[in-house]
Amino acid sequence: MSDRFPTVLVVDDEPDIRELLAITLERMDVDPSTVESVEDAKSRLLERRYDLCLTDMRLPDGDGLELVAWIQDHAPDVPVAVITAHGNVELAVRALKLGAFDFVSKPLDLADLRKLVSSALKLKSDLEDTLVLQGNRLLGDSEAIKRVRELIAKVARSQAPVHICGESGTGKELVAHLIHDSGPRADFPFVPVNCGAIPTELMESEFFGHHKGSFTGAVTDKVGLMQSAEGGTLFLDEIADLPLHMQVKLLRVIQERNVRPIGATEEIPVDIRILSATHKNLEQEVAEGRFREDLYYRINVIELPVPPLRERGKDVLVLAKHLLKRQARAMQMALPELTADAEQSLLAYHFPGNVRELENVLERAITLASDAQISASDIKLRSGAPATSQVAASPAAAAGALGQQLEGMEREAIVQALEQTRYNKTKAAKLLGISFRALRYRIKKFGIE
């Protein structure tokens, strides 16, 4: 075939399987090369670059795991997928941990195989493009955030489940979105789900869907979140909040890649990548019996830690300027500047609520600032909070509550000012010491009627 076609190296010692795979690939306008041993595969991979390597697990002179590990060292730009025996989940997980792009089980389902090959061929060979994309959205120059970008670039080239861990407010959903956008599923849906926000009695219906009449209130068919993410990524935020009965069902979906809507008699295949996150310590949750150990090992094939803001040094100023620009645009006002003492105040603070708290602090500051500058006196930080250098890395359990408390106080002050001025917004803004536009923005934000 012509060199313009993508190239795939097939490694299998069974002639019938090699022939079946070669025919299937040729029908996809892919140029296949076939070998039957680990050593032959290594020789071919050193001779030329392939767009994908598809290897059986059992080979005459070794196994697929050995080849996966070798490729990570000698041909890291080549995605590799493994063919496993049906039901051998442990080997598949080991392959993913070593860096395999994905796996397919015997007996081969050609539709699944074609999906796998199509996804692998969409991968960008140049990781720098991916890092540039992330740099535009994952701001900062600290070593900690650079490591996160590198990890994102690496895991984006795999279909392995990734567990994103970190304190509340560090940007775990943004990291999940970047993994999705940097990988071969970018053209398909990214569906975020907050597992702690769905009532327990509705979880199965929300995740798997239901058929009309399957229970009281099911007046129409409903497509579940997993089917909504078909071809793309399902991001399970705060996965530690899933009740045990749903953990069992999720484990089965990951293993079988099928879902059964409530009231359905047949299962429906789903092609999704699962990413998860939590601010809790999952190992501790497992030890205390609140999270299933088998599910933990399936979702935590690759762990991606997101650093707290206090470990990111001067990134706090980069983020602050970006957030101020966004808030000024939303409020239709001139971009204020941070004074030197304001910058020092931000750098000295440890931000238990991380980026989310920084955003909240700056929203208040931009509202309270009387001119085109934000000084240290405009920045209201938690009183008595220790400086960055004095704080050890620990979970910010109270961060979310702090943000809600500040917003509640702000909302109450605005409502009181409106009531005092008989809902004259111009007078209320003057009473609060803020601009009319700033008041209008906050009324809209807090949903005050």
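Structure first, text after, so check above.
A quick note: this is a predicted structure, and the numbers were derived from the prediction, not measured. Going along each chain's sequence as written, the residues are numbered from 1 onward. Reporting of local features is limited, given that this is a predicted model, to residues whose pLDDT is at least 70; pairs of side-chain atoms are given and counted only at 80 or more, and all residues count toward the totals for whole chains, interfaces and linings. Side-chain metrics in this entry use all non-hydrogen atoms of the structure; hydrogen atoms and water are not considered.

J.: Which parts of the structure should I look at to understand the sheet that holds strand 16 (residues 302-305)?
T.: If you trace the five strands from one edge of the open sheet to the other, you get 9-12-15-8-16, paired in parallel fashion. Looking at the sheet topology across the chains shown, the edges are occupied by strand 9 (190-194) and strand 16. Strand after strand, the sheet turns through a mean of 20° between neighbouring axes, direction not considered. Strands are treated as partners if at least two bridges between them are detected by DSSP. Each helix is a run of H or I in the DSSP string that is no shorter than four residues. Each strand is a run of E no shorter than two, and both are numbered from the N terminus. For strand 12 (residues 233-237) and strand 15 (residues 273-278), the ladder comprises five bridges, and the chain directions are parallel. The residue of strand 15 that forms the bridge with D237 is A277. Lines fitted to the C-alpha atoms define the axes, with helices restricted to the stretch that makes contact. Angles between their N-to-C directions range from 0 to 180 degrees.

J.: Mind showing me how you'd approach the side chain of S158 here?
T.: Relative to the assigned elements, S158 resides in the loop between helix 7 (143-155) and strand 8 (162-165). Between buried and exposed lies partly exposed: a residue is buried under 20% and exposed over 50% of the maximum accessible area for its type, with that area taken using a 1.4 Å probe on protein chains only. Classification of S158 as buried rests on a relative accessible area of 5%. Pairs of N or O atoms are called polar contacts if they sit within 3.5 Å, as long as, within protein, a hydrogen donor faces a hydrogen acceptor (for residues adjacent in sequence, only side-chain-to-side-chain pairs). Reaching out from S158, the side chain makes a polar contact with the backbone nitrogen of A160 at a distance of 2.8 Å. Excluding its chain neighbours within four sequence positions, the residues that come into contact with S158 are A100, F101 and R273. Note on definitions: a residue-residue contact is assigned when non-hydrogen atoms from the two residues lie within 4.5 Å.

J.: Looking at this model, I keep getting lost on the sheet that holds strand 1 (residues 7-11). Mind explaining?
T.: The strands making up a sheet associate through hydrogen bonds between their backbones, and the pairing can be parallel or antiparallel. Pairing within the open sheet is parallel, and its five strands lie in the order 2-1-3-6-7. Two strands lie at the open edges of the sheet, namely strand 2 (31-35) and strand 7 (102-105), each paired on one side alone. Between one strand axis and the next, the sheet turns by 20° as a mean value, whatever way the strands run. Relative to strand 3 (residues 52-56), strand 1 is paired through four bridges, and the arrangement is parallel. Within strand 3, the position partnered with V10 by the bridge is L54. Contacts from helix 3 (residues 64-74) reach strand 1, strand 3 and strand 6 (80-84) within the one sheet, and its direction differs from that of strand 3 by about 155°.

J.: What should I look at first to understand the packing of aromatic side chains in this one?
T.: How two aromatic rings sit relative to each other is set out by the distance from centre to centre and by the angle between their planes. For Phe, Tyr and Trp, where Trp contributes only its six-membered ring, two rings pair if their centres lie within 6.5 Å, and the inter-plane angle classes them as stacked under 30 degrees, edge-to-face over 60, or tilted in between. Across all of its chains, the model carries four aromatic pairs by this definition. Here the aromatic rings of F190 and F235 are separated by 6.1 Å at their centres, their planes lie at 20°, and the arrangement is stacked. Of the two residues, F190 sits in strand 9 while F235 sits in strand 12, which places them 45 residues apart along the sequence. F235 carries the same exposure label as F190, and that label is buried. An angle of 50° between the planes, with centres 6.3 Å apart, marks the rings of F207 and F208 as tilted. Counted as over-ring charges are cases with an Arg CZ or a Lys NZ within 6 Å of the ring centre that also lie within 35 degrees of the ring normal. Positioned above the aromatic ring of Y50 is the side chain of R48, whose terminal nitrogen or guanidinium carbon lies 4.9 Å from the ring centre. The side chain of R257 reaches across the aromatic face of F103, ending 4.5 Å from its centre.

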